[in-house]
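# Commentary on secondary and tertiary structure
One letter stands for each residue in the lines below.
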Amino acid sequence: MSKNNGAALTLSQVTKRFGDTPVLHGIDLSIAPGSFVAIIGKSGCGKSTLLRVILGLEPASGGSVASDSDAAHARLIFQEPRLLPWASVAANVAVGLGERGDGPDGAAAARQALADVGLTGKADDWPSTLSGGQRQRVALARALVSNPTLLALDEPLGALDALTRIEMQSLLENVWQAQGFTALLVTHDVGEAVALADRVLLIDAGRVTLDQPIYLPRPRRRGDPAFAALEGAILERLLDASVSAGSR
Amino acid sequence: MSDKRNSETLPLAWIMPGALLLLWQASSSLGWLSANILPAPLSVLASAWTLTLDGTLPHNLGVSAARAVAGLLIGGGIGFGLGLLTGLSRISERLLDPTLQMVRNVPHLALIPMVIIWFGIEEEARLFLVALGVFFPIYLNTLHGIRNVDPQLIEMGRVYGMSPRRLFRRVILPGALPSILVGLRYALGIMWLTLIVAETIAAKSGIGHMAMNAREFMRTDIVVLSILIYALLGKLADSATKALERRFLRWNPAYRR
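Residues numbered from 1 in each chain as written. Chains lettered and ligands numbered in written order. Predicted model: local features only at pLDDT ≥ 70, side-chain atom pairs only at ≥ 80, totals over all residues. Heavy atoms only, no water.

### Brief notes about the overall build of chain B
Convention followed: Numbering of helices and strands starts at the N terminus; helices are DSSP runs of H or I of at least 4 residues and strands are runs of E of at least 2. Here the globule rule reads 2.2 Å times residues to the power 0.38, and the radius of gyration is calculated from C-alpha atoms.
Scanning chain B from terminus to terminus reveals 10 helices and zero strands. For chain B, the α and β elements follow one another from N to C terminus as α-α-α-α-α-α-α-α-α-α. In summary, chain B has a C-alpha radius of gyration of 23 Å against a globular reference of 18 Å for 257 residues, an excess of more than 25%. Dimensions of chain B along its principal axes, counting C-alpha atoms only, are 75 × 60 × 30 Å.

### Things to note about the sheet that holds strand β7 (residues 182-186) of chain A
The pairing of strands in a sheet happens through backbone hydrogen bonds and is either parallel or antiparallel. Residues and elements named next belong to chain A. Definition in use: Here a strand pair is declared whenever DSSP counts at least two bridges between the two strands. Axis lines are fitted to C-alpha atoms, over the contacting stretch for helices. Their N-to-C directions set the angle, which ranges from 0 to 180 degrees.
What the six strands build is an open sheet, ordered β5-β6-β7-β3-β8-β9; its pairing is mixed. In this open sheet, the two strands that pair with only one neighbour each are β5 (74-77) and β9 (207-213). Neighbour to neighbour, the strand axes of the sheet diverge by 15° on average, direction disregarded. Looking at chain direction, strand β8 (residues 199-204) and β9 are connected through six bridges and run antiparallel. Looking at β9, one finds that Leu-201 is bridged to Asp-211.

### What to know about the nonpolar core
Stated precisely, the cut-off is as follows: Working definition of a nonpolar core: buried Ala, Val, Leu, Ile, Met, Phe, Trp, Tyr and Cys residues. They are joined through side-chain atoms within 4.5 Å. Each residue's exposure class comes from its accessible area (1.4 Å probe, protein chains only) as a fraction of the maximum for that residue type: buried when under 20%, exposed when over 50%, partly exposed otherwise. A domain assignment, automatic or from a database, supplies the domain bounds used here. What makes two residues a contact is simply this: any of their non-hydrogen atoms within 4.5 Å.
Judged by nonpolar contacts, the single largest core of 123 residues is most densely connected at Leu-140, Leu-184 and Ile-234 of chain A together with Val-171 of chain B. Considering each element in turn, this core owes the most residues, 12 residues, to helix α8 (residues 164-201) of chain B. When residues of this core are assigned to domains, at least three fall in each of domain 1 (9-69 + 149-247) and domain 2 (84-148) of chain A. When near neighbours in sequence (up to four residues on either side) are disregarded, Leu-184 of chain A contacts Leu-9, Ile-31, Val-37, Ile-39, Leu-51, Ile-54, Leu-150, Leu-151, Ala-152 and Leu-153 of chain A.

### Considerations on the pairing of strand β3 (residues 36-40) of chain A
Residue and element names in this part refer to chain A. Within β3, five of the five residues are buried, leaving the element largely enclosed by the surrounding structure. Burial along β3 is two-sided: Phe-36, Ala-38 and Ile-40 facing one way and Val-37 and Ile-39 facing the other are all buried. Here four bridges tie β3 to β7, and the two strands are oriented parallel to one another. Across the sheet, residue Val-37 finds its bridge partner in β7, namely Leu-184.

### A look at the interface of chain B and chain A
The test is simple: Throughout, the accessible surface (probe 1.4 Å) given up by two parts as they are put together, summed over both, is called the buried area. For this analysis, a salt bridge means a side-chain nitrogen from Lys or Arg found within 4 Å of a carboxyl oxygen belonging to Asp or Glu. For the purposes of these results, a polar contact is taken to be a pair of N or O atoms within 3.5 Å, where, inside protein, one atom must be able to donate a hydrogen and its partner to accept one; residues adjacent in sequence count only when each atom of the pair is a side-chain atom.
With 17 residues of chain B in contact, the opposing surface of chain A contributes 21 residues. For the pair chain B and chain A, the summed buried surface comes to about 1,900 Å²; carbon and sulfur atoms form 61% of the total. The tally of links between chain B and chain A comes to five salt bridges. Among the salt bridges present, the one from Arg-82 of chain A reaches Glu-155 of chain B, with a minimum N-O distance of 2.5 Å. Remark: the boundary between chain B and chain A carries nine residue pairs in polar contact (both at pLDDT 80 or more). Within the residue set of the side of chain B that touches chain A, elements represented by two or more residues are α7 (151-159) and α8 of chain B.

### Brief notes about the domain arrangement of chain A
All names here are of chain A. Partitioning chain A into structural domains gives domain 1 (9-69 + 149-247) and domain 2 (84-148). Just the C-alpha atoms count here: the centres of domain 1 and domain 2 sit 26 Å apart. Taken residue by residue, the interface counts 13 residues in domain 1 and 11 residues in domain 2. For the pairing of domain 1 and domain 2, the buried interface totals around 1,000 Å² over both sides, and the portion due to carbon and sulfur atoms is 69%. When the area that domain 1 buries against domain 2 is broken down by residue, the three leading residues are Met-168, Leu-171 and Gln-179, summing to 40%. Applying the counting criterion to the domain 1 and domain 2 interface returns one residue pair in polar contact (both at pLDDT 80 or more). Where the side of domain 1 that touches domain 2 is concerned, the elements lending two or more residues are β6 (150-154) and α5 (162-179).

### Examining the packing of helix α6 (residues 123-147) of chain B against α8 of chain B
Residues and elements named next belong to chain B. What counts here: Orientation categories follow fixed angle ranges, with anything under 35 degrees roughly parallel, anything over 145 roughly antiparallel, 65 to 115 roughly perpendicular, and all other angles oblique. In this scheme, a crossing is called left-handed if the near helix is turned counterclockwise away from the far one by less than a right angle; it is called right-handed if the turn is clockwise. Gly is put with the polar residues, along with every residue not named as nonpolar or charged; the nonpolar set is Ala, Val, Leu, Ile, Met, Phe, Trp, Tyr, Cys and Pro, and the charged set is Asp, Glu, Lys and Arg.
At a minimum axis distance of 7 Å, the contact between α6 and α8 shows a crossing angle of 160°. When the axis of α6 is compared with that of α8, the two are roughly antiparallel. Crossing of α6 against α8: the hand is right-handed. Its residues assigned to classes, the contact of α6 with α8 shows 17 nonpolar, nine polar and two charged.

### Overview of the environment of Thr-129 of chain A
Tracing the sequence through the fold places Thr-129 of chain A in the loop between α3 (104-116) and α4 (132-144). On a C-alpha basis, the gap between Thr-129 of chain A and Leu-202 of chain A in space is 38 Å, while along the polypeptide they are 73 residues apart.

### Observations regarding helix α2 (residues 41-53) of chain B
Side chains of residues three or four places apart in an α-helix project in the same direction, reflecting 3.6 residues per turn. This is how it is decided: Helices are assigned an expected span. That span is 1.5 Å times one less than the residue count.
Its 13 residues give α2 of chain B an end-to-end C-alpha distance of 19 Å, which sits within 8% of 18 Å, the value for a rise of 1.5 Å per residue. Gly-55 of chain B, located one to two residues past α2 of chain B, shows a positive phi value of around 85°.

### Notes on unusual backbone geometry
Residues and elements named next belong to chain A. Residue Arg-218 is joined to Pro-219 through a cis peptide bond whose omega torsion reads -5°. Inspection of the secondary structure assignment puts Pro-219 in the loop between β9 and α7 (225-247). Backbone geometry at Gln-13 places phi at a positive 50°, although glycine is not the residue there. Checked against the element boundaries, Gln-13 lands in strand β1 (residues 9-18). Located in the positive-phi region is Asn-147, a residue other than glycine, with phi close to 50°. In this structure, Asn-147 sits in the loop between α4 and β6.

### Description of the pattern of salt bridges
Opposite charge on two side chains lets them pair, provided their charged atoms get close. Enumeration according to the criterion identifies 25 salt bridges over all chains in this entry. Here Asp-238 of chain B makes a salt bridge to Arg-185 of chain B, at a shortest N to O gap of 3.2 Å. Of this pair, Asp-238 of chain B sits in helix α10 (residues 220-248) while Arg-185 of chain B sits in helix α8, and the two are 53 residues apart along the sequence. Each member of the salt-bridge network shares a partner with another, and the members are Arg-52, Glu-80 and Arg-82 of chain A together with Glu-155 of chain B.

### Structural notes on the side chain of Thr-220 of chain B
One can find Thr-220 of chain B in helix α10. Not counting the four nearest positions on each side in its chain, Thr-220 of chain B is found in contact with Ala-35, Asn-36 and Pro-39 of chain B.

This is the structure in structure tokens:
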């Protein structure tokens, strides 16, 4: 697995409206290359929209998103695995390579990416034979096989059971440390954000209302008092935001 | 588990048809059943043999099969093409689909008098009827299949940089295939039905013509033989589609064995 540099991102005064409804209000952000940033917020706060604007999947209504790497090197992981049921596991991973995935090099790269997520030996299986956690691992391999400089994750573990989730979190941390891409994780789980991120952003009603760096040493342990204190503090801010948003 | 069940039920399944066949043959041999009403199974078998030897049966079978395949290719091809067009383009759908849905409600066999006026009893008449009959199930199921491809997968394909062509080949067509194959199975049923009617009413050759000819001479054995051959051809077409489904839908647990 080659270690590549992560993308640096700069957002200046990014706004987004759907019709007359404003979703993002002038977001300024600078994201360091190779960092792991978690974006949290209640549902409907605009966190997924922010991710899509950063990836260029939605045009911004105003402001600019600048990146030192081109869009082809950004990859997105959805909440659902979204595997092609009619393609083998290896062919699904090769989707991440585009046209390159059709050749023998592509097949070899797909197998390597599967090995990196601990799915050696599943290459020729159909997705329908895999468990939910295994399918999301295939989706992770599909995203990583092209060595992205930016990996965006839109609540990727939300549909998994608690145990599989913790396994996936440590897998995610390991591949991030090994590959060095910039990671943007949208999640509603504060514990997940604190366990993985260098920096937690809280989005409320289209604004960044908290920008919290996390200095805890890795690997992080959930039972740790510092971990729990930080998680509690962020959760409180999140709940406050929900209450004030609800009363508006 | 399923193998064991098959080996147990298979001989059982053959007991009823076998018994009925024996009963039928016995009532004919004992004179309870007049050959004018229903011929004995053995005489049907005998006429199959003689008609095969003198070339009548192979000739008519070939003619009927060629008509069926040609009609299927023409009607099915157009149906598939228009189904793709309306499925992939909103403008084509608004332009074509309402009209096609309207025309669909005309029973194609009701057109036979018009078809005879247009084409006489020439080959075009039967091709037209078969093609029209198979067109709609294939058109409708192709359109339906494309419309029902998981939009999340299409979004994934776009986000992962697939070109429209690649998106079609890798995501849309395989996603629509189960529905298209259902359409094909319906079409095959309609194909034989249409051909039987068309050949019985207006034809100078083919299995249907053979049956109508035999009726004039009260050769019930040949009539029954024709009916059985139609049944066999229908079964054959159905098995062929099942084989296609097993080949192309292996990924789907519902089609895996």
